[in-house]
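If you want the building blocks of each chain, they are given just below.
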Amino acid sequence: MLGKLMKYEFLAMGRVFIPLFGALLLVSIVNSILGHFGFRVSAGIGIAVSVILMVGIAVIVLILTLQRFWTNLLTNEGYLMMTLPTGPDNLILSKLFVATIWGFASAVVVTVAILIMAISDIDLSSIHNGIRYMFSQIPFTSHQITLLIFQFGLMLVLGSLANTLMLYACMALSMLVNKYRALVSFGAFIGITTVLQIIMTIIMVLAIRSHLIMDFESYIHSLTAFSGIQIYTWITIVFTAILCALFYLVTRYMLKRRLNLQ
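Since the structure is predicted, the reported quantities are computational estimates derived from the model, not experimental observations.

Analysis parameters
- Residues numbered from 1 in each chain as written.
- Predicted model: local features only at pLDDT ≥ 70, side-chain atom pairs only at ≥ 80, totals over all residues.
- Heavy atoms only, no water.
- Helix = DSSP H or I, 4+ residues; strand = E, 2+ residues; numbered from the N terminus.
- Buried < 20%, exposed > 50% of the residue type's maximum accessible area, 1.4 Å probe, protein only.
- Contact = heavy atoms within 4.5 Å.
- Areas by Shrake-Rupley, 256 points an atom, 1.4 Å probe, with all protein chains shown as cover.
- Core = buried A, V, L, I, M, F, W, Y, C linked by side-chain atoms within 4.5 Å.
- Domains from an automatic or database assignment.
- Polar contact = N/O pair within 3.5 Å; in protein donor to acceptor, adjacent residues only side chain to side chain.
- Phe/Tyr/Trp six-rings, centres within 6.5 Å; stacked < 30°, edge-to-face > 60°.
- Lys NZ or Arg CZ within 6 Å of the ring centre and 35° of its normal.

Participant: A description of the overall build of the protein should follow, citing residues and the corresponding values.
Facilitator: Helix and strand counts for the protein stand at nine helices and zero strands. Along the protein, helices (α) and strands (β) appear in the sequence α-α-α-α-α-α-α-α-α when read from the amino end. For the protein, the proportion of its 262 residues judged to be buried stands at 33%. Within the protein, counting contacts between residues at least 6 apart in sequence, those at least 24 apart form 79% of the total. When the accessible surface of the protein is totalled, it reaches about 15700 Å², and 74% of it is carbon and sulfur.

In structure tokens, the structure reads:
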């Protein structure tokens with residue numbers, strides 16, 4: 001069932017994103033051709049259009065992430081979704097995974113569009129040599145570099161999931177009231193981010209007063225550079241994973257136990 005739900009989400013969001021991606025890439029190609037043949041004014045207009053499309057894609061990623069969850073699960077459409085032979089887990093995960101995938105796809109398309117527009121001004125051989133030189137200066141083995149790339153990628157994915165799940169949790173908490181639910185969702189977002197900042201501040205203050213940070217920094221300095229990076233990345237990964245679990249459990253509880261559709 002999860003696969004079927006994800007397929008439906010892909011198609012629904014793809015109707016919006018695919019034309020935008022196509023338009024951005026087409027404008028980028030035309031702009032690159034115009035710049036190559038010296039049409040600077042037209043190329044400048046193309047750059048402006050490309051920037052507008054890039055900003056539009058970023059905004060639409062956020063809007064669709066909110067709209068698909070809100071409309072399908074928290075409004076009258078929720079009555080239909082809740083009658084499907086599946087539980088809230090598949091409903092949440094289908095929207096979470098698809099929104100995350102489209103978000104990363106958007107980042108890739110925007111990066112490709114920027115490279116297309118800059119291709120005439122880029123010396124590919126210089127970039128290749130620069131990358132090789134950069135990696136040659138890193139005091140890590142190929143195995144260590146591969147592990148670090150995996151960890152940073154995992155941090156990026158978990159960070160994206162945590163942000164999306166926090167938005168889902170804020171919207172789900174609005175089911176505690178019957179009116180002004182959009183305003184309540186926004187208030188929940190402000191409240192959660194404020195609480196997280198307060199908790200982090202308290203932890204930092206307690207750590208400083210107990211000299212825990214100084215002891216930890218002394219311990220880090222006693223390690224190799226690779227070991228120190230490993231500790232910091234794993235701490236971030238574990239903390240982000242805990243946030244993902246908390247936001248997911250809040251959303252799941254609200255949909256399963258406190259369902260209140262408009």
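The structure having been displayed, the exposition proceeds.
Participant: Pulling in residues and values, what's your account of the nonpolar core?
Facilitator: The biggest cluster of nonpolar side chains holds 30 residues, and the ones touching the most others in it are F69, L73, L74, L165, Y168, F247 and L255. Within the residue set of this core, elements represented by two or more residues are α2 (40-74), α4 (88-118), α6 (142-173), α7 (181-209) and α9 (225-257). Counting residues per element, this core draws most heavily on α6, which supplies ten residues. Two domains each donate at least three residues to this core, and these are domain 1 (1-122) and domain 2 (139-262). Not counting residues up to four positions away in its chain, the partners in contact with L165 are I92, L96, C244, F247, Y248 and T251.

Participant: Break down the side chain of T75 for me, citing the residues and quoting the values.
Facilitator: Topologically, T75 is positioned in the loop between α2 and α3 (77-81). Exposure remark for T75: the relative accessible area of 16% places this residue in the buried category. Within polar-contact distance, the side chain of T75 engages the backbone oxygen of T71 at 2.4 Å.

Participant: Describe the packing of aromatic side chains, naming the residues involved and giving the relevant values.
Facilitator: On inspection of all chains with the given rule, the structure shows five aromatic pairs. With centroids separated by 5.9 Å and ring planes inclined at 45°, the aromatic side chains of F21 and W102 adopt a geometry described as tilted. Here the residue F21 occupies a position in helix α1 (residues 2-36), and W102 occupies one in helix α4, the gap between them amounting to 81 residues. Taken individually, F21 and W102 each receive the classification buried, so the pair is uniform in this respect. Here the aromatic rings of F69 and Y168 are separated by 4.2 Å at their centres, their planes lie at 10°, and the arrangement is stacked. Placement of the pair is F69 in helix α2 and Y168 in helix α6, with a sequence separation of 99 residues. In this structure F69 comes out as buried when scored by relative accessible area, which is 0%. Taken together, F10, F17, F21 and W102 form an aromatic cluster joined through their ring pairs. It is R181 that lies over the ring of W70; its NZ or CZ is 6.0 Å from the centre.

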